[in-house]
Amino acid sequence: MIELRHVSKTYHSDGGIVRALQDVSLVIERGEFVAIIGPSGSGKSTLMHIIGLLDRPDKGSLYISGDEMSVLNDNDIAAIRNIRIGFVFQQFYLIPRMTAVQNVLLPVVYSGRKCELSAVERVISRVGLERRMEHRPNQLSGGEQQRIAIARALINDPGIILADEPTGNLDSKNQAEILRMLRELNSLGKTVVLVTHDRDIANNADRVIEMKDGEIVKDSKVSNLSRSQSECVQPDKASSSVDVRRELNIGAYLYQAFSSIATHKMRSFLSVIGVLIGVASVISMMAITTGASESIKKSLASLGSNLLSVRPGHA
Ligand code: ADP
């Protein structure tokens, strides 16, 4: 269950104070499919960011499954966000140089959980892209990229899916497909919160919350509760699982490093030149210093015993 109690959020900008949320109280039951709708600037994204623990309210409290979030520190908040909440955004936010599998696995790497490799394949198969696992985002269509983003949101088996305008960049066929997937996830027990400005899309949910000027102005609700199947499991439940985190940490990081070098050839070349010039300069300076020191020593040694020194003295 997600509960907001008297939540307010104010932004201070050059244009003055913006009251993005004003004393919003709201309960979203576990397993609901809720759409948040309203015109641009009505506070939908701010509300979603607070529910998704991406931002904190100025006033009021957020409870997730009965736990008050405001008393938690940033690390605990990050852990809850990673494990309990899956995000789907309009812009997909896939990492371009990573394959579909690597993108989907990122939340697992960050969470430190254990996950069977077959579960990754299963979650990608669930979004119908089992034949695109090794493709990079630029080799996928917009709809396919969003499906990979949904698979990424599901890999840690979160109870809550937050989708911010997930169909905003898609044609009508792909829109319908993404909405069908969100509906299916909801039927498996996920709480789905869909932010949209489009009433037709909002009507796919069971409950529509309408916002205006940072306030909820209308709320029509239909609940649909069910339980979910787990794709990934906690470490203590994963006796036969592969520790993908350990495998990925070295392999994926090396891969990322080499991909980054290959992707940014000019930057890498200039960096190498810079390092070489730096090293050559240090070596040259050391050689010059050593040479000068030797030269001074030789000069001193050449001063023999027949040297007559004349100093001014007293009369
Ligand atoms: P919506 O998602 O409905 O378009 P938002 O929640 O993004 O609305 O924004 C609500 C109001 O808060 C808007 O007036 C917006 O300009 C303002 N706002 C949102 N984020 C910021 C920010 N980081 N700084 C200043 N103002 C912001």
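In this text the structure is predicted, and so the values were computed from the model without any measurement.

## What about empty space enclosed by the protein?
Scanning the model with the defined rule gives one cavity of 30 Å³ or more in all. Counted as a void, the largest cavity has a volume near 40 Å³. Taken together, Arg126, Val127, Ile150, Leu154, Met181, Glu184 and Leu185 form the lining of the largest cavity. For the lining of the largest cavity, the secondary structure elements donating two or more residues are helix H5 (142-154) and helix H6 (172-187). Top element by residues in the lining of the largest cavity is H6. It accounts for three residues. When grouped by side-chain class, the residues that make up the lining of the largest cavity number five nonpolar, no polar and two charged.

## Considerations on helix H4 (residues 117-126)
Of all the positions in H4, only Ala119, Val120, Val123 and Ile124 are classed as buried. The buried residues of H4 occupy an angular sector of 135 degrees when projected down its axis, which confines them to one face. Looking at the buried residues of H4, the elements they touch are helix H3 (100-111) and H5. Of the residues one or two after H4, Gly128 is the one with positive phi, at around 75 degrees.

## Observations concerning the confidence of the model for the protein
With 84% of its residues at a pLDDT of at least 70, the protein reaches an overall mean of 84. Low pLDDT, under 50, characterises residues 223-248; the stretch is placed with 58 contacts to residues that sit more than four places away or in other chains.

## Brief notes about a nonpolar patch on the surface
Residues Met266, Phe269, Leu270, Ile273 and Ile277 make up a contiguous nonpolar surface patch of roughly 520 Å² in combined accessible area. Position of Phe269 relative to the elements: it lies in helix H9 (residues 265-301).

## Focus on the site of the ligand
Within the structure, the ligand sits among Tyr11, Val18, Ala20, Pro39, Ser40, Gly41, Ser42, Gly43, Lys44, Ser45 and Thr46. Gly41 is positioned with one of its backbone polar atoms (N or O) 2.7 Å from an oxygen atom of the ligand. Between the ligand and the protein, one listed contact pairs an oxygen atom with a backbone N or O atom of Gly43 at 3.1 Å. Computed on the free molecule, the ligand has an accessible area of 560 Å², of which 62% lies beneath the protein chains in the complex. Residue assignment for the shell around the ligand shows that the elements contributing at least two residues are strand E2 (16-28) and helix H1 (44-51). Per-element accounting of the shell around the ligand gives the leading share, three residues, to H1. A breakdown of the residues in the shell around the ligand according to their chemical character gives four nonpolar, six polar and one charged.

## Topic: the packing of aromatic side chains
All chains considered together, the criterion is met by two aromatic pairs. Each ring, one from Phe87 and one from Phe89, has its centre 5.7 Å from the other, and the planes form 0 degrees; the classification is stacked. Summarising the burial analysis for this pair, Phe87 and Phe89 share the class buried. Considering the side-chain rings of Phe89 and Tyr93, the 5.4 Å spacing of their centres and the 70 degrees angle between planes classify their relative orientation as edge-to-face. Given the relative accessible area of 17%, Phe89 is considered buried. Given a relative accessible area of 49%, Tyr93 falls into the partly exposed group. Members of the aromatic cluster, joined through ring pairs, are Phe87, Phe89 and Tyr93.

## Regarding the nonpolar core
Among the nonpolar cores identified, the biggest contains 41 residues, and Val104, Val120, Ile124, Ile148, Ile150 and Leu182 are the most heavily contacted of them. Elements with a contribution of two residues or more to this core: strand E3 (33-37), H3, H4, H5, strand E7 (160-164), H6, strand E8 (191-196) and helix H7 (199-202). The element that contributes the greatest number of residues to this core is H5, accounting for six residues. By size, the runner-up hydrophobic cluster in this structure holds 28 residues, among which are Ile2, Leu21, Leu53 and Ile85.

Here is what the cut-offs are and how they apply
Residues numbered from 1 in each chain as written. Predicted model: local features only at pLDDT ≥ 70, side-chain atom pairs only at ≥ 80, totals over all residues. Heavy atoms only, no water. 1 Å grid on protein atoms, 1.4 Å probe; cavity = no way out; pocket = protein on both sides within 12 Å on 5 of 7 lines; lining within 4 Å. Points joined across faces, edges and corners; volume = space filled by probe spheres on them. Helix = DSSP H or I, 4+ residues; strand = E, 2+ residues; numbered from the N terminus. Nonpolar A, V, L, I, M, F, W, Y, C, P; charged D, E, K, R; others polar. Buried < 20%, exposed > 50% of the residue type's maximum accessible area, 1.4 Å probe, protein only. Arc of directions from axis to C-beta. Contact = heavy atoms within 4.5 Å. pLDDT = per-residue confidence, 0-100. Patch = residues over 30% accessible without salt bridge, like charges linked within 9 Å, V, L, I, M, F, W, Y side chains within 5 Å. Areas by Shrake-Rupley, 256 points an atom, 1.4 Å probe, with all protein chains shown as cover. Salt bridge = Lys/Arg side-chain N within 4 Å of Asp/Glu carboxyl O. Near = heavy atom within 4 Å. Polar contact = N/O pair within 3.5 Å; in protein donor to acceptor, adjacent residues only side chain to side chain. Phe/Tyr/Trp six-rings, centres within 6.5 Å; stacked < 30°, edge-to-face > 60°. Core = buried A, V, L, I, M, F, W, Y, C linked by side-chain atoms within 4.5 Å.

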